[in-house]
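Each chain, written out:
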Amino acid sequence: MFLAHHREGAGLTNLQYAPLAELSGGSHLTPEALNCAAPDTGNMEVLAEFGTKEQQDRWLRPLLDGEIRSAFCMTEPDVASSDATNISTSISRDGDVYVINGRKWWSSGAMDPRCKILIVMGKTNPDADRHRQQSQILVPADTAGISIKRGVTVFGYTDGTHGGHAEIEFTDVRVPARNIISGEGEGFAIAQARLGPGRIHHCMRQIGASERALELMCRRVTDRVAWGKPLAEQGVIQDWIAEARVRIEAARLLVLKTAWLMDTVGNKGAHTEIQAIKILVPQATEWIMDKAIQAHGAGGVSQDFPLAALWAHARTLRLADGPDEVHKRSLAHRELKKYS
Amino acid sequence: MDFAYDARTEELRGQLQAFIDEHIIPAEKVFEEQAAELAGQGRGWERPAVMGT
């Protein structure tokens, strides 16, 4: 199905892709089975959009064919990475090569032995304009000087079967100058282009995850009897079920409207809505997962149901690709501008 | 305002739902078993074989 939106892929609009991504969100196996999983999705989009023919032949093709995996190395342990202009790994030119030095973490996918290529963001010119200091560069995973320090866990989950999240040290890592993506100073713009669709894809899948949780909750409370009647007959449980349905429907409509806007007026024109769903959907999902877990009793936090992992993922998405507060800050600024 | 999915979306949704019912849902339990086995062998960063990779 990938590249879903690209002319070389399925050629779907966002509005057509949204309901499919939703379906894929019901199981953590589906996005990967379709080769529509993060971080490969975003990396393939970057290569398709900004890569040279040579970069595409070498890395995009095997990614599209599912032969290799990739990682995206942006977030750093030493700076507040929610403000991407803080990203400070150095990428400095030395003749025909760039030399990379720095430390990254949350490099999702990099623990996988089949991860062959890293897209690394860093500063090529600390003196340039704030949004022109950074670049992105392709770094083969077996390049000398790359040291994988550890897998970082998410509420204790390694996410190992999905490539994990690595902490990586880059010490005098040398790659050919032609590995730069799109040119020096383009890193921030590429990051924006990459994370925009990534955010809406996460939200689409979260709607499907919420549907799965609601289904599990309804089945569970219909089957389990306590104090002489099924849990489903308890008013408080019915309140959770009704609330869950209302939140899913509201979230889906806003996600679809956002997808439609992205198709008709572009990502920039959909800015407010993209931020709105990034704020709304993980919160709605987290609430639904929490109630589904509660309805399952202790089983809900165990490995026998997917709810614990679904909850951990929903909670994490309130931080991933920008924390709620960053999106709210930016959305509020735009709203206030109308009155200044 | 039209709230219906278009024909292409409906067609793909049908195909995807069938794929999920036939291949994904039955694979979930196998995935967990294989993942636990890999973890037990110190190979917790590898994809379980059921993913076909």
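Residues numbered from 1 in each chain as written. Chains lettered and ligands numbered in written order. Predicted model: local features only at pLDDT ≥ 70, side-chain atom pairs only at ≥ 80, totals over all residues.

A.B. asks: Looking at this model, I keep getting lost on the overall build of chain A. Mind explaining?
C.D. replies: In terms of regular secondary structure, chain A is built from 10 helices and 9 strands. Taking the principal axes of the C-alpha coordinates as reference, chain A spans close to 80 × 50 × 40 Å. The 340 residues of chain A split such that 49% are buried. Once local pairs closer than 6 in sequence are excluded, the contacts in chain A between residues at least 24 apart make up 71%. (Helix = DSSP H or I, 4+ residues; strand = E, 2+ residues; numbered from the N terminus. Buried ≥ 20, exposed ≤ 12 C-beta atoms within 10 Å, placed from the backbone. Contact = placed C-beta atoms within 7 Å.)

A.B. asks: Just checking my understanding: could you explain the overall build of chain B for this structure?
C.D. replies: From N to C terminus, chain B includes 1 helix and 0 strands. Scaling as 2.2 N^0.38, a compact globule of 53 residues should have a C-alpha radius of gyration of about 10 Å, whereas chain B reaches 17 Å, well beyond that. Projected onto the principal axes, the alpha-carbon positions of chain B cover approximately 55 × 20 × 15 Å. (Rg over C-alpha atoms; globule rule 2.2 N^0.38 Å.)

A.B. asks: I tried to follow the nonpolar core on my own but got confused; where do I start?
C.D. replies: Residues and elements named next belong to chain A. Counting residues in hydrophobic clusters, the biggest one holds 58 residues, and the most contacted among them are Ala18, Ala213, Val255, Val281, Met289, Ala292 and Leu307. Looking at this core, the element that brings in the most residues is helix 8 (residues 271-296), giving 11 residues. Once residues within four sequence positions are removed from consideration, alanine 292 is found in contact with Ala213, Leu214, Leu216, Met217, Gly300 and Leu307. By size, the runner-up hydrophobic cluster in this structure holds 39 residues, among which are Met74, Ile91, Ile146 and Val175. (Core = buried A, V, L, I, M, F, W, Y, C linked by C-beta atoms within 7 Å.)

A.B. asks: Would you mind going over the interface of chain A and chain B with me for this structure?
C.D. replies: How big an interface is tends to be expressed through the accessible area that disappears when the partners come together. The interface of chain A with chain B comprises 18 residues on the first partner and 22 residues on the second. When residues in the side of chain A that touches chain B are grouped by element, the largest group, 4 residues, is from helix 1 (residues 14-24) of chain A. Looking at the side of chain A that touches chain B residue by residue, the classes come out as 7 nonpolar, 9 polar and 2 charged. (Nonpolar A, V, L, I, M, F, W, Y, C, P; charged D, E, K, R; others polar.)

A.B. asks: What's the story with the domain arrangement of chain A in this structure? I'm lost.
C.D. replies: Residues and elements named next belong to chain A. If you check the domain split of chain A, you get domain 1 (66-181) and domain 2 (189-337). One C-alpha centre belongs to domain 1, the other to domain 2; they are set 29 Å apart. If you look at the interface, domain 1 gives 9 residues, while domain 2 gives 8 residues. (Domains from an automatic or database assignment.)

A.B. asks: How do you make sense of helix 1 of chain A when you look at a structure like this?
C.D. replies: What sets the pattern is the α-helix's 3.6 residues per turn: residues three or four places apart point alike. Within helix 1 of chain A, 11 of the 11 residues are buried, which leaves it mostly tucked inside the rest of the structure. For helix 1 of chain A, every residue scored as buried is listed here: Asn14(A), Leu15(A), Gln16(A), Tyr17(A), Ala18(A), Pro19(A), Leu20(A), Ala21(A), Glu22(A), Leu23(A) and Ser24(A). In this structure, the buried side of helix 1 of chain A is in contact with helix 2 (30-33), helix 5 (187-223) and helix 6 (235-264) of chain A together with helix 1 (7-40) of chain B.

A.B. asks: Any chance you could explain the environment of Gln283(A) here in plain terms?
C.D. replies: Along the polypeptide, Gln283(A) turns up in helix 8. Taking the C-alpha atoms as reference points, Gln283(A) and Arg132(A), separated by 151 residues in sequence, lie 33 Å from one another.

A.B. asks: Teacher, can you tell me more about the confidence of the model for chain A here?
C.D. replies: Low-pLDDT stretches of the model should not have their predicted coordinates read in fine detail. On average, residues of chain A carry a pLDDT of 93, and 97% of them reach 70 or more. Across chain A, the element-wise mean pLDDT spans from 87 in helix 7 (residues 266-269) of chain A up to 98 in strand 7 (residues 165-176) of chain A. (pLDDT = per-residue confidence, 0-100.)

A.B. asks: What exactly am I supposed to notice about the packing of helix 5 of chain A against helix 8 of chain A here?
C.D. replies: The relative placement of two packed helices comes down to the angle between their axes together with the axis-to-axis distance. All names here are of chain A. Orientation of helix 5 relative to helix 8, taken along the N-to-C sense of each, is 20°, at an axis distance of 9 Å. Taken together, helix 5 and helix 8 sit at an angle that is classed as roughly parallel. As helix 5 packs across helix 8, the resulting crossing turns out to be left-handed. A breakdown of the residues in the contact of helix 5 with helix 8 according to their chemical character gives 18 nonpolar, 5 polar and 4 charged. (Axes fitted to C-alpha atoms, helices over the stretch in contact; angles between N-to-C directions. Parallel < 35°, antiparallel > 145°, perpendicular 65-115°, else oblique. Left-handed = near helix turned anticlockwise from the far one by under 90°.)

A.B. asks: Help me understand the environment of Gly51(A) in this model?
C.D. replies: Structurally, the position occupied by Gly51(A) is in the loop between helix 3 (40-50) and helix 4 (53-64). Excluding its chain neighbours within four sequence positions, the residues that come into contact with Gly51(A) are Gln56(A), Leu60(A) and Ile181(A).

A.B. asks: I would appreciate a short explanation of the confidence of the model for chain B in the present structure.
C.D. replies: Across chain B, the average pLDDT comes to 92, with 98% of residues at or above 70. Overall fold confidence for the complex sits at a pTM of 0.91, while the interface term, ipTM, reaches 0.93.

A.B. asks: What should I look at first to understand the packing of helix 3 of chain A against helix 5 of chain A in this one?
C.D. replies: All names here are of chain A. At their nearest, the axes of helix 3 and helix 5 sit 10 Å apart, and the two run at 135° to each other. Considering the angle they form, helix 3 stands oblique to helix 5. Two packed elements cross with a definite hand, and for helix 3 against helix 5 that hand is right-handed. Residues Thr41, Gly42, Glu45, Val46, Glu49 and Phe50 of helix 3 touch helix 5, and the partners they reach there are Ile190, Ala193, Arg194, Pro197, Gly198 and His201. When the residues that make up the contact of helix 3 with helix 5 are grouped by side-chain class, the tally is 5 nonpolar, 4 polar and 3 charged.

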